[in-house]
Amino acid sequence: MKFFRNRRIRKAVERALVSVDTGEIRASALEKLTKDETADALASIAKRVLDAEGKEDSARAHLNQALEANPHCWNALAELAELERTTPGHETEAIEAYGELLRLGPEQNVVRGE
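Overview of the structure. (Residues numbered from 1 in each chain as written. Predicted model: local features only at pLDDT ≥ 70, side-chain atom pairs only at ≥ 80, totals over all residues. Heavy atoms only, no water.)

Regarding the overall build of the protein chain
Right, so step 1: Secondary structure assignment for the protein chain yields six helices and two strands.
Right, so step 2: Ordered by position in the sequence, the α and β elements of the protein chain form the string α-β-β-α-α-α-α-α.
Right, so step 3: In the protein chain, the share of contacts with a sequence separation of at least 24, taken over all contacts with a separation of at least 6, comes to 49%.
Right, so step 4: Counting every atom, the protein chain has about 7,000 Å² of accessible surface; 51% of that belongs to carbon and sulfur. (Helix = DSSP H or I, 4+ residues; strand = E, 2+ residues; numbered from the N terminus. Contact = heavy atoms within 4.5 Å. Areas by Shrake-Rupley, 256 points an atom, 1.4 Å probe, with all protein chains shown as cover.)

See the structure below:
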């Protein structure tokens, strides 16, 4: 079932992302997803926007939307932690995001720095 879930999310991301340059999305493309799927889709969109154009504000907005949909979305928290870690002056936000990741899954190597 995870395969189909991931496929649904990938398709929704492709339909939703109007422009990777601006981070603009078509929200209607995400309407049929569950809250968890929406959060993962928005985290994926944020990563693509950040990787393609380095639009930190747009990526951060999508990650915050993802966390509104699902406050425990691992992908959104991991992306947010990394974004905040690399943004000067956002060290406190990075620590908070990494702390939440540790609470959710302390066994994950990415959080322990391995």
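That covers the picture; the talk isn't over yet.
Observations concerning the pattern of salt bridges
Right, so step 1: According to the stated counting rule, one finds five salt bridges in the structure shown.
Right, so step 2: One salt bridge in this structure joins Glu-82 and Arg-85, with 2.6 Å as the shortest N-O distance. Here Glu-82 and its partner Arg-85 are both found in helix H4 (residues 74-85), three residues apart, which amounts to about one turn of the helix.
Right, so step 3: With relative accessibility at 32%, the residue Glu-82 sits in the partly exposed group.
Right, so step 4: What you see here is one network of salt bridges that share partners, running through Asp-57, Arg-60 and Glu-84. (Salt bridge = Lys/Arg side-chain N within 4 Å of Asp/Glu carboxyl O. Buried < 20%, exposed > 50% of the residue type's maximum accessible area, 1.4 Å probe, protein only.)

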